[in-house]
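What the coordinates show
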Amino acid sequence: MKIFGHIHGQHLNIHHWHFVNFKVNKELKQFYLSIMLRTFALSLIALFIPLYLIKEVGLGFSNVLLFYIISVIVYMISAVFGALFCSKLGARHMMMLIQPFYILLYALIYLMKFKPSLLINVAVLSGFADGFFWLSYHSIFAGSTDKNHRSEEVSIANVMAILIGVLGPLIGGLIVYYLGFLSLFVFVGCLLIISAVPLYFTKDLKERFKFKFKDVFNSKHFRDFLGFFGYGAFGIGEAILWPLFLFLVLTNYVAVGGLASLSGIVRAIVSYLTGKAGDKIGKRIFINVGSLLNSLSWFFRYFFNSVLGVTLVSLYSGLTSMIFEGPFTALVYDRVNYHKNKLEYLAFRQIALGLGQLVILIVVYYTLSYKLGFILAGIGNLMLMLF
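A short tour of the structure in this document, coming up. Because the structure is a prediction, the values reported are computed rather than measured. (Residues numbered from 1 in each chain as written. Predicted model: local features only at pLDDT ≥ 70, side-chain atom pairs only at ≥ 80, totals over all residues. Heavy atoms only, no water.)

**Quick look at the overall build of the chain**
The helix and strand inventory of the chain stands at 16 helices and zero strands. Within the span of the chain, comprising 387 residues, buried residues form 61% of the whole. Carbon and sulfur atoms provide 71% of the accessible area of the chain, an area that totals close to 15000 Å². (Helix = DSSP H or I, 4+ residues; strand = E, 2+ residues; numbered from the N terminus. Buried < 20%, exposed > 50% of the residue type's maximum accessible area, 1.4 Å probe, protein only. Areas by Shrake-Rupley, 256 points an atom, 1.4 Å probe, with all protein chains shown as cover.)

Below, the structure written as structure tokens:
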């Protein structure tokens with residue numbers, strides 16, 4: 001989701017565009033423009049949603065986790081239905097049609113401040129919207145990248161996404177501090193409306209879809225399942241647990257947003273430097289090294305409770321996560337394109353991701369331990385080496 005998008009899209013991740021062949025694929029320009037606007041809009045607010053639910057709505061930590069548990073369950077269920085609708089409507093047009101649901105989602109999140117009982121309704125809507133949107137998004141992007149330069153292209157896309165959204169958390173924090181959450185929600189809603197307009201002018205391709213669990217949930221795809229499961233666990237730690245913990249240490253929205261923006265700058269630099277090397281040296285090397293190094297950041301978080309400590313670990317995590325994120329996404333797209341039924345594999349991916357997210361959420365829900373969640377996110381990070 002990076003409200004939810006960060007967890008489901010991977011992370012916050014969460015967000016890749018194929019800019020290398022931008023001039024060649026002119027029909028995709030509207031798609032890029034739409035995603036750029038959407039990325040900036042969500043970068044303003046994504047980081048603050050868990051904090052809003054706790055501080056402004058007044059939900060306890062366990063109820064916030066329950067919110068995301070419900071959302072993830074719906075996200076997994078919507079995988080098959082999203083793929084089916086995508087095959088009938090086309091990926092780009094389904095992305096356009098889902099934007100009003102995001103606007104409704106943010107409106108309801110704001111209204112939770114006055115009516116917390118909306119929790120289940122909002123959680124269901126968030127899982128539905130993310131499930132449909134991200135499946136369509138990855139369907140488009142997987143097919144628009146070049147096989148021989150996919151790691152470089154995804155890394156460039158990462159850089160563009162980060163640069164567009166790097167000031168988002170800081171700007172969002174300033175808007176909340178000076179104008180309040182209502183102004184932030186309204187501004188984000190307007191940007192989402194604008195982001196849907198370019199998709200109206202795009203052509204669409206429709207792919208056939210049929211889904212059989214035995215075709216994807218089998219021994220042949222077991223390592224893929226473990227990789228996606230681990231990435232889901234890692235994403236929950238990054239998108240939900242860490243922002244909440246940061247707020248406990250830094251205590252205000254501007255500080256949390258500023259640290260996220262600073263970490264984003266580090267991520268952009270590293271992603272650019274590792275881009276071409278991923279295609280030349282091999283994606284798996286970067287996935288293994290990056291996953292190992294980044295997993296250490298989760299184990300470090302178990303011990304750090306100071307402002308200096310969380311700042312250093314955030315910067316280290318931003319640096320090491322970009323070593324594996326681009327090559328991992330590129331390898332995923334390799335495997336998507338290897339399958340004749342791309343939507344079936346993407347639905348499988350979405351369900352496996354959701355299961356990884358669900359396990360860590362349930363464990364933390366029953367233990368109420370941030371730090372146990374950090375350890376599980378680190379283990380999930382290491383599981384990418386099995387992909």
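Moving on from the coordinates now.
**Considerations on helix H4 (residues 61-89)**
With 29 residues, H4 ought to run about 42 Å at 1.5 Å a step, and its terminal C-alpha atoms sit 39 Å apart, in line with that. Gly-90 sits one or two residues past H4 and shows a positive phi near 100°. (Expected span 1.5 Å × (residues − 1).)

**Things to note about the environment of Phe-201**
Relative to the assigned elements, Phe-201 resides in the loop between helix H9 (181-196) and helix H10 (213-216). Separated by 170 residues in sequence, Phe-201 and Phe-31 have C-alpha atoms that sit 9.3 Å apart.

**Let's talk about the packing of helix H11 (residues 222-250) against helix H13 (residues 283-301)**
At a minimum axis separation of 12 Å, H11 and H13 run at an interaxial angle of 40°. When the interaxial angle is binned, H11 and H13 end up oblique. H13 is crossed by H11, and the crossing has left-handed handedness. In this structure, H11 uses Phe-234, Gly-237, Glu-238 and Trp-242 to contact H13, whose residues at the interface are Asn-294, Trp-298 and Arg-301. (Axes fitted to C-alpha atoms, helices over the stretch in contact; angles between N-to-C directions. Parallel < 35°, antiparallel > 145°, perpendicular 65-115°, else oblique. Left-handed = near helix turned anticlockwise from the far one by under 90°. Contact = heavy atoms within 4.5 Å.)

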